[in-house]
Amino acid sequence: MDVQSIKSRFGIIGNAPALNHALEVANQVAGTDLTVLIAGESGVGKEAFSAIIHALSPRKHNPFIAVNCGAIPEGTIDSELFGHEKGAFTGAVDARKGYFETVNGGTIFLDEIGEMPIGTQARLLRVLETGEFIRVGSSKVQKTNVRVIAATNRDLLDFTRTGKFREDLYYRLSTVPIRVPALRDRQEDTLLLFRKFAADFSDKYRTPGIQLDASAQQMLLQYPWPGNIRELKNIAEQVSVLSTDRVVTGTALERFLPQAKAISENLSLPAISSLSTSQAGQEFTATERDILYKLFFDLKRDLNDLKQALFGMTGTPNGPVPETMLNSYPAPPNGGYAAPSYPTPLNRLPSAALTPVSTAAHEDAQEVEESLSISDVEKELIIKALRKHRGRRRDAASELGISERTLYRKIKEYDITD
Ligand SMILES: Nc1ncnc2c1ncn2[C@@H]1O[C@H](COP(=O)(O)OP(=O)(O)O)[C@@H](O)[C@H]1O
Ligand SMILES: [Mg+2]
């Protein structure tokens, strides 16, 4: 299959040479059983690449599962991946198969491999080299035939120097390395992607299509996109749902992308620069600014995770919740808080999301009464979502409107094995 057909079949947008090259390598390696290491910043499409490689491989009719090594608690990851025997640890009331057993014949995508504990790395190396593994608490060696695709947004080679990652495993994994380029390094694709996402979201939420004027386009091109395509997609969703005018100007876009305004005006951040060693009043270099944006972005993500966890505690919303709502609300340009007013699609949100925590506690009594049926429905929904996304937890979580961590917790809680 040529790269152009892969793009249309898997909805991959973009024409940047680095992206095309990455797709070519993915295409070439798909038919083999070689281990692939996909490197790239968060949100560039690493998981999308893993799904493409599996779908183009002879294993395509066998299971594919995505495991986020960074989201699984260190104490359970061995048992998740390799299974355990009854009584292997406190709480192991039954024996359980791990992914390397259930996915036999298929592909496992190990996301955020740099977060894998060093003990698990030893087990992984063994299964990669010999196809052998042992359940936690067992002494019986078992065989499996699983193809591994790993991904990282870290500098794994650097991790090997500090002892955080096994060097032998690093070389074993990077048989075929694929680097997915950051969005800021393929500017030419930014507007293409935005148009595609905006059109998709207008369809999904049944809002009229939007268009960007020249200044808005310029703003998207100049913005460094620390969260890459995932961030661009979120912005496209927010703008598609929340924009009052269908032609979006630069000024209107600032509401959704306040950081972009700072860039276009080349603002320094005086309050923070006083903390740096540079002279007072001196502006940040481009790299310093990049790092700061990354920091802000990470903070924002943590905040989102917290919000999603709150969703998890106050009950799962019915129906699709726009990803927008799991994102920070667009900040007003003055940086202060102003209660945003939302058009209809957002009214489907559970009121808890917008109510202060103190009043949510009020409803505890009612919730206890209903919790049984809610949890049944919830379990059902989770199973459905997992099935629909063929075990890909990130996608299932995103569809359910909860964080991967929350989904993980619920899978455990409901003992969902699929
Ligand atoms: N080239 C692309 N064209 C269209 N959508 C893309 C492209 N690359 C990534 N995406 C979308 O961007 C989002 C983030 O991609 P993902 O694979 O989860 O990134 P990563 O695993 O690198 O964090 C997903 O919704 C994915 O479908
Ligand atoms: Mg990812």
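Before any of the text, the structure's been laid out above.
Residues numbered from 1 in each chain as written. Chains lettered and ligands numbered in written order. Predicted model: local features only at pLDDT ≥ 70, side-chain atom pairs only at ≥ 80, totals over all residues. Heavy atoms only, no water.

(A) Region of interest: the pairing of strand S7 (residues 176-179). On S7, burial follows the alternation: Val176 and Ile178 on one face are buried, whereas Pro177 and Arg179 on the facing-out side are not. Here strand S1 (residues 36-39) runs beside S7; their pairing, made up of four bridges, is parallel. Paired with Ala39 across the strands is Arg179, a residue of S7. (Buried < 20%, exposed > 50% of the residue type's maximum accessible area, 1.4 Å probe, protein only. Helix = DSSP H or I, 4+ residues; strand = E, 2+ residues; numbered from the N terminus. Pairing = 2+ DSSP bridges.)

(B) Region of the structure containing the nonpolar core. Among the nonpolar cores identified, the biggest contains 30 residues, and Leu81, Phe100, Ile108, Leu110, Ile113 and Leu124 are the most heavily contacted of them. Listed by contribution, the elements that provide at least two residues to this core are strand S2 (64-68), helix H4 (77-82), helix H5 (99-102), strand S3 (107-111), helix H6 (118-130), strand S6 (147-152), helix H7 (156-161) and helix H8 (167-173). When neighbours within four sequence positions are excluded, Ile108 is seen to be in contact with Ile65, Val67, Tyr99, Phe100, Val103, Val146, Arg147, Val148 and Ile149. Counting 27 residues, the second largest nonpolar core, distinct from the first, contains Ala198, Ile210, Leu212 and Val241. (Core = buried A, V, L, I, M, F, W, Y, C linked by side-chain atoms within 4.5 Å. Contact = heavy atoms within 4.5 Å.)

(C) Local environment of the pattern of salt bridges. Throughout the structure, instances matching the rule amount to 20 salt bridges. Here Arg184 makes a salt bridge to Glu41, at a shortest N to O gap of 3.0 Å. On the criterion of sequence distance, the pair formed by Arg184 in the loop between S7 and helix H9 (190-205) and Glu41 in the loop between S1 and helix H3 (46-55) is long-range, its members being 143 residues apart. For Arg184, a relative accessible area of 24% translates into the label partly exposed. Arg154 is the salt-bridge partner of Glu115, the closest N and O atoms lying 3.2 Å from each other. A residue pair is termed long-range when its members are at least 10 positions apart, and Glu115 in the loop between S3 and H6 and Arg154 in the loop between S6 and H7 qualify at 39 residues. Note on Glu115: relative accessible area 28%, which makes it partly exposed. Salt bridges sharing partners connect three or more residues here, namely Glu47, Asp111, Arg394 and Glu404. (Salt bridge = Lys/Arg side-chain N within 4 Å of Asp/Glu carboxyl O.)

(D) Geometry of the side chain of Arg392. Relative to the assigned elements, Arg392 resides in the loop between helix H17 (364-388) and helix H18 (393-400). The class of Arg392 is buried, set by a relative accessible area of 12%.

(E) Representation of the packing of aromatic side chains within the structure. Counted according to the given criterion, the structure contains five aromatic pairs. With centroids separated by 6.2 Å and ring planes inclined at 10°, the aromatic side chains of Phe201 and Tyr205 adopt a geometry described as stacked. Of this pair, Phe201 and Tyr205 both sit in helix H9, four residues apart, which is roughly one turn of that helix. Each member of the pair, Phe201 together with Tyr205, is buried. Between the aromatic rings of Tyr223 and Trp225, the centroid separation amounts to 4.5 Å while the plane-to-plane angle is 90°, which identifies the pairing as edge-to-face. Trp225 shares its class with Tyr223; the two are buried. Aromatic ring contacts, followed pair by pair, group Phe82, Phe100 and Phe133 into a single cluster. (Phe/Tyr/Trp six-rings, centres within 6.5 Å; stacked < 30°, edge-to-face > 60°.)

(F) The arrangement of the sheet that holds S2 in detail. An order of S2-S3-S6-S1-S7 is seen for the five strands of this open sheet, with the pairing classed as parallel. At either end of the open sheet lies a strand with only one pairing partner, and these are S2 and S7. Across the sheet, the axes of successive neighbouring strands diverge by a mean angle of 20°, strand direction being ignored. Pairing of S1 with S6, which is carried by four bridges, proceeds in the parallel orientation. (Axes fitted to C-alpha atoms, helices over the stretch in contact; angles between N-to-C directions.)

(G) The arrangement of empty space enclosed by the protein in detail. Overall, the coordinates contain three cavities of 30 Å³ or more when judged by the stated rule. Contributing to the lining of the largest cavity are Ala66, Val67, Asn68, Ala71, Ile72, Arg393, Glu404, Leu407 and Tyr408. Residue composition of the lining of the largest cavity, by class: six nonpolar, one polar and two charged. Considered as a void within the structure, the second largest cavity measures approximately 40 Å³ in volume. Around the second largest cavity sit Glu47, Ala66, Val67, Asn68, Asp111, Arg393, Arg394 and Glu404, which together line it. Within the residue set of the lining of the second largest cavity, elements represented by two or more residues are S2 and H18. The element contributing the most residues to the lining of the second largest cavity is S2, with three residues. (1 Å grid on protein atoms, 1.4 Å probe; cavity = no way out; pocket = protein on both sides within 12 Å on 5 of 7 lines; lining within 4 Å. Points joined across faces, edges and corners; volume = space filled by probe spheres on them. Nonpolar A, V, L, I, M, F, W, Y, C, P; charged D, E, K, R; others polar.)

Geometric values such as these leave the question of function open.
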